[in-house]
Amino acid sequence: ASKRAPSRIEPGPDGSLPLSYPIMVQPVLDRNCVQCHGGDHPKGPGGKAILLTGEPEGRYTKSYNALVERVSYAAWGRGEFPAGNCEPLAMPDFFGARGSALMKMLDEGHHNVELSPEEHERLVTWMDANALFYGTFNHADQERQQRGERIAGPDLE
């Protein structure tokens, strides 16, 4: 790296500042996944339905609740690594897209799904941002983000 000019910093994908799962991730799912993982009879492994629609479900959406468990994200817990998810002891490639079962499935090929480079970047950015849904702690702004609306940004940065 010292033998070349510094890389130019490029802005992240739409929905990455402030982070917004409905803006950054849901459009990718709508284009590539909802045709099989939506509607009255969504598909899933072993007959377990996986809904990837943007409909609200609790504080998040159906797609977020279905996908977040397939991404290794940092959350302090008890116990030994990896079951305890203790970050100071984590190994390389454990968290984010590189440690994600979801990304592994997509990279190995999932039926006829072919993500564009931009769509791939959106999913990787979401996973590498700790698989967050909201880009703010402000509850009113979170409600707007859950509806897919844009917000100005978090109160504090």
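What comes next is a walk through the structure. (Residues numbered from 1 in each chain as written. Predicted model: local features only at pLDDT ≥ 70, side-chain atom pairs only at ≥ 80, totals over all residues. Heavy atoms only, no water.)

Here we look at the overall build of the chain
Moving on, step 1. Counting its secondary structure elements, the chain contains 6 helices and 2 strands.
Moving on, step 2. When its helices and strands are written in sequence order, the chain yields α-α-β-β-α-α-α-α.
Moving on, step 3. Taken across its 157 residues, the chain has 36% of its residues classed as buried.
Moving on, step 4. Considering only intrachain contacts with a sequence separation of at least 6, the fraction spanning at least 24 residues in the chain is 51%.
Moving on, step 5. Split by element, the accessible area of the chain, about 10,200 Å² in all, is 54% carbon and sulfur. (Helix = DSSP H or I, 4+ residues; strand = E, 2+ residues; numbered from the N terminus. Buried < 20%, exposed > 50% of the residue type's maximum accessible area, 1.4 Å probe, protein only. Contact = heavy atoms within 4.5 Å. Areas by Shrake-Rupley, 256 points an atom, 1.4 Å probe, with all protein chains shown as cover.)

Some points on the packing of aromatic side chains
Moving on, step 1. Summed over the entire model, instances satisfying the criterion amount to 9 aromatic pairs.
Moving on, step 2. Note on Tyr21 and Phe133: the rings are 5.3 Å apart at their centroids and 25° apart in plane angle, and the pair reads as stacked. Note that Tyr21 is positioned in helix α1 (residues 21-24) and Phe133 in the loop between α5 (117-128) and α6 (139-146), a separation of 112 residues in sequence.
Moving on, step 3. Overall, the relative accessible area of 0% leaves Tyr21 in the buried class.
Moving on, step 4. Here Phe133 falls in the buried class, since its relative accessible area comes to 2%.
Moving on, step 5. Ring plane angle 70° and centroid distance 6.1 Å describe the contact between Tyr64 and Trp126, whose orientation is recorded as edge-to-face. (Phe/Tyr/Trp six-rings, centres within 6.5 Å; stacked < 30°, edge-to-face > 60°.)

Some points on helix α4 (residues 101-108)
Moving on, step 1. Of all the positions in α4, only Leu102, Met103 and Leu106 are classed as buried. Along the axis of α4, the buried positions cluster into a sector of 95°, meaning they face one direction only. Opposite the buried face of α4, at more than 90 degrees from it, the exposed residues are Lys104 and Glu108.
Moving on, step 2. On its buried face, α4 sits against α3 (62-67) and α5.
Moving on, step 3. Regarding α4, its N-cap is Ser100, as a side-chain oxygen of that residue lies 3.0 Å from the backbone nitrogen of Leu102 further along. (Arc of directions from axis to C-beta. Polar contact = N/O pair within 3.5 Å; in protein donor to acceptor, adjacent residues only side chain to side chain.)

Some points on the side chain of Gln145
Moving on, step 1. Examined against the element boundaries, Gln145 turns out to sit in helix α6.
Moving on, step 2. If we ignore the near neighbours within four places in the chain, the residues touching Gln145 are Pro18, Leu19, Ser20, Pro22, Tyr134, Gly135, Thr136 and Ile151.

Interpretation note: all reported values are geometric properties and have no functional meaning in isolation.
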